[in-house]
Structure formats: C-alpha cells, structure tokens
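Structure assessment
Next come the chains, spelled out residue by residue.
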Amino acid sequence: MSWFKRKEKGITTSTEEKKDTPKGLWYKSPTGKIIDTEELEKNFYVSPEDGYHVRIGSKEYFEILFDDNKFKELDAGLTSKDPLKFEDTKKYPDRLKAAQEKTKLKDAVRCAVGKSKGKDLVIACMDFSFIGGSMGSVVGEKIARAADYSLKKKIPFMIISKSGGARMMEAALSLMQLAKTSVRLAQLADAGIPYISLCTDPTTGGTTASFAMLGDINIAEPGALIGFAGPRVVKDTTGQELPEGFQTSEFLLEHGFLDFITQRSKLKDKVNLYIDLITNQPLRGEPVIEVATK
C-alpha cells in the first residue's frame, strides 16, 4: 500500500513554474571548502573555513572602506576609444561593449572620494572582471586624475590593484600609462600626501611595474599573486626551478617587497592607521596591532 495517493491525474507544471535551487547559494573555495554566500559576504568575502580571500571588485571594496558606503565617484563617464583600429578574434569596440554590458562598468578602474573613519580618502580600485583588469588609456587617465584630485584637495590617496597587466589592444598607448601614473605619484610624494598601495590577487604586469609598488606603504592581501611576468615565463627565462610560494604576497613580504599583509576584515582600520602615522595625526579609534605574517 502506498503512503501517498495523487488526488488528481494529469497534473503538469510548466517550465516557467518549475523551481530550481537558486544559483550562487554556496561558494566553493579553491581548497574545496563550502560556504554559504550570505555568510561569505558578512565575513568580508573571506572563507572562514580556510581564510581564502575571494576576488572582489570596486563595489565591494568601496563598501568595506567608505563610511556607510557613501562616496562621490570621479570621472565615471570616461570610456576607451580605438585609435589603433585593433582587431583579434573581434574588434576592440565590440570587446569593450561586451565587457561593459557584462560588468555594468565603463572600464577596469573606478575612482571615488569619501569618508573613511571620518576623514576624506581618495580610492582608485581596479576591477578584474573588466577585460582582466587590463590597464589601458582610461585606467591610466582615471588614476592620474584621481591623483590630481588628491593633490589639489590634499587628501590621502589609495590604489587597489587587481590586474593582468597592460591592455594589448592599445599597445604602446597602454605602456605610456606607467609613466603617466608614476609621475603623478611622485608629485604626491613631493607634496607630502600619503599614498597607500594595496596589491590583491592578481597584481601583475605593468601594474606591478608602476603604481602598485610605489606606495609610501605597500600592503597586500593574503595569498595574492603579485609579480611582473608569470611563473612560467620567469622559469623559462632563468632556466631555474622556482621556490615554493614564488610570487605570493607571503613570499614578497619575506623578501622585502611588501611592508605588511593585511586581512580584509582589518583593512579599513589598518589603512587609516598608516595614514595617521604617516601624517603624524592622532590615531582614530583603537590602534590595530598586528604582527607582519610571513
């Protein structure tokens, strides 16, 4: 005897009415740990199981760093052109349009000014989701303009790097952004305005060769890939086996390329602590004491 009997026969459910398990309900870290996405968000997008820092973009970093997520975006309308008429598997304008539609971003960096722990801070944050965070003319121009804004208003400046390198579709024009951004940062240094560089996963190519390593304080998130060329290229060039953990933030800290590695949950406190110390200002809130980890 069956436990359940159907009262009505021939019941059908349309495809539109069928309910699947919602996508994105769980997140699986590279080490195989499973975490609820809502819990992940509450934990600053860091897996509590293994401490893995999930890649996030400007939207999430602004939420973390700006008080009450309030800020004014700078030069939000800048978009790339196609002066070289570049075409590979598709035309560059088509690739830009597809990236803009997919990410809802104009380009691979967003710049904004707002209060962080009660004081003004200018942040330029790269988005890897936009053509691999590649650095083209718009990225360089927006960072340069944000630095100009910091210089004019005498506000500390922070860049959050997350990039695969220079944008090949703009060739030499993208390489010119290394010099443009580096000059602006030198002007900030001459004016005594603090510049904080945060390297996240990944920080590679021209980004590393310019603004990512020019901070008054260079910090990174745990486990981030940081380097100029990839490990395979370095290995083939040098003909040597690379040490374990090569190009991770921990490796770079041990070899003197970074000042600190900072957990994302402590990022806001640490950045503002550095700024207060650099500018010889009273510390805001309780000082964050953290031993630099290898």
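Everything discussed here concerns the structure shown above.
Let me begin by describing the structure that accompanies this report.

The next point concerns the pairing of strand 4 (residues 109-116). Within strand 4, seven of the eight residues are buried, leaving the element largely enclosed by the surrounding structure. Here strand 3 (residues 71-74) runs beside strand 4; their pairing, made up of four bridges, is antiparallel. Its bridge partner being in strand 4, Phe-71 is matched across the sheet by Gly-114. Direction of pairing for strand 4 relative to strand 5 (residues 119-126): antiparallel, over a ladder of eight bridges. Looking at strand 5, one finds that Val-109 is bridged to Met-126. Joining the antiparallel neighbours strand 4 and strand 5 is a turn of two residues, in which Lys-117 adopts a positive phi near 55°.

A word on the packing of aromatic side chains. In this description, an aromatic ring pair is defined by two values, namely the gap between the centres and the angle between the planes. On inspection of all chains with the given rule, the structure shows six aromatic pairs. Connected via pairs of aromatic rings, a cluster forms that spans Phe-62, Phe-66 and Phe-71. In this arrangement the basic side chain of Arg-55 is found over the ring face of Phe-128, its NZ or CZ atom lying 4.7 Å from the centre.

On to the environment of Phe-86. Residue position: Phe-86 is located in the loop between strand 3 and helix 3 (92-103). For Phe-86 and Met-168, which are 82 residues apart along the polypeptide, the C-alpha to C-alpha distance reads 9.2 Å. The contacts of Phe-86, once residues within four sequence positions are left out, are Lys-91, Tyr-92, Met-168 and Met-169.

Our focus in this paragraph is the pattern of salt bridges. Going through the model one piece at a time under the given rule, you end up with 17 salt bridges. The partner of Arg-145 in a salt bridge is Glu-141, with the nearest N and O atoms 2.8 Å apart. In this pair, Arg-145 and Glu-141 both sit in helix 4 (residues 137-153), four residues apart, roughly one turn of the helix. Among the residues examined, Arg-145 registers a relative accessible area of 33% and is labelled partly exposed.

What counts and what doesn't
Residues numbered from 1 in each chain as written. Predicted model: local features only at pLDDT ≥ 70, side-chain atom pairs only at ≥ 80, totals over all residues. Heavy atoms only, no water. Buried < 20%, exposed > 50% of the residue type's maximum accessible area, 1.4 Å probe, protein only. Helix = DSSP H or I, 4+ residues; strand = E, 2+ residues; numbered from the N terminus. Pairing = 2+ DSSP bridges. Phe/Tyr/Trp six-rings, centres within 6.5 Å; stacked < 30°, edge-to-face > 60°. Lys NZ or Arg CZ within 6 Å of the ring centre and 35° of its normal. Contact = heavy atoms within 4.5 Å. Salt bridge = Lys/Arg side-chain N within 4 Å of Asp/Glu carboxyl O.

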